[in-house]
Amino acid sequence: CRAAEKPYDVLIHFHGAPPVLEAAFEKSGIDGALVIYNWGIGSGAYEDPFQAPGTFNQLMTSITNGVRELCPNAAAPKRIGLSAWSAGYGAVWRILDRSTDAAKIDSVLLSDGLHCGFVGNERERQINPALLAPFELFADQVVQDKRLFAITHSSIPTPYASTTETSSYLLAAEGVPRI
């Protein structure tokens, strides 16, 4: 509760192993709260809860109330970070797709989790830009040093746009080199 007595950071992670995430969060030295949601398999399990307007605010109210239950003297959250592995990106996509919610997010980390469909013939593998638009708008702010965005990816071929393809698309759109 020491960290929560002043405005604290919140990191919300979608789709991951709590023991691994808790250890990594502790090692990071972030003075804040880690919240982990595991809602199922496939991005739909993470997209669907955020379809209705106001659901992100409800989630944040629930998180704030939960911290206050554990720490009665808790202040309010200061910064909000989102992270996801694999299918968990669906929640991040929905949150970033609503501008009022996206404005509240300070950082995003996607670990092998940025997928989307294609336009036209699947064999041509032309990424559907509308599906990456929320991430591109967030990346625009990153380039202006207003937000933090990190993506890690594998090289696993998929029938939909892979994390390699989507990462390359965003890097090209922003004119940022791959590191």
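Above this note sits the structure.
The structure reproduced in this document is the subject of the present report. (Residues numbered from 1 in each chain as written. Predicted model: local features only at pLDDT ≥ 70, side-chain atom pairs only at ≥ 80, totals over all residues. Heavy atoms only, no water.)

Moving on to the overall build of the protein chain. Helix and strand counts for the protein chain come out as seven helices and five strands. Listing each helix as α and each strand as β along the protein chain from the N terminus yields β-α-β-α-α-β-α-α-β-α-β-α. The globule rule puts the C-alpha radius of gyration for 179 residues at 16 Å, and the 17 Å found for the protein chain is close to it. In terms of principal-axis extent, the alpha carbons of the protein chain reach across some 55 × 35 × 30 Å. Residues classed as buried in the protein chain amount to 40% of the 179 residues present. Taking the contacts inside the protein chain whose residues are at least 6 apart along the sequence as the reference set, 67% of them involve residues at least 24 apart. One finds the centroid of the 14 positive side-chain charges in the protein chain at a distance of 4 Å from the centroid of its 19 negative side-chain charges. (Helix = DSSP H or I, 4+ residues; strand = E, 2+ residues; numbered from the N terminus. Rg over C-alpha atoms; globule rule 2.2 N^0.38 Å. Buried < 20%, exposed > 50% of the residue type's maximum accessible area, 1.4 Å probe, protein only. Contact = heavy atoms within 4.5 Å. Lys, Arg positive; Asp, Glu negative; His and termini not counted. Charge placed at Lys NZ, Arg CZ, Asp CG, Glu CD.)

Attention now moves to unusual backbone geometry. Phi is positive for Ser86, which is not a glycine, with a value near 50°. Phi angles above zero are rare outside glycine, and Asp145 is one such case at about 60°. For Asp145, the position within the fold is in the loop between helix H6 (129–143) and strand E5 (148–152). Classification of Asp145 as exposed rests on a relative accessible area of 72%.

Across all of its chains, the model carries four salt bridges by this definition. Measuring nitrogen to oxygen at the nearest pair gives 2.6 Å for the salt bridge that ties Arg79 to Asp9. A residue pair is termed long-range when its members are at least 10 positions apart, and Arg79 in strand E3 (residues 77–85) and Asp9 in strand E1 (residues 8–14) qualify at 70 residues. A relative accessible area of 12% places Asp9 in the buried class. A salt bridge links Glu165 to Arg125; its shortest N-O distance comes to 2.7 Å. Of the two residues, Glu165 is situated in helix H7 (residues 163–174) and Arg125 in the loop between strand E4 (107–111) and H6; the sequence distance between them amounts to 40 residues. (Salt bridge = Lys/Arg side-chain N within 4 Å of Asp/Glu carboxyl O.)

Let us look at helix H4 (residues 89–97). One turn of the α-helix equals 3.6 residues, which is why residues spaced by three or four share an orientation. Of all nine residues that make up H4, eight are buried, and the element is covered over most of its length. Among the residues of H4, those classed as buried are Tyr89, Gly90, Ala91, Val92, Trp93, Arg94, Ile95 and Leu96.

Bear in mind that shape data such as this cannot, by itself, settle questions of function.
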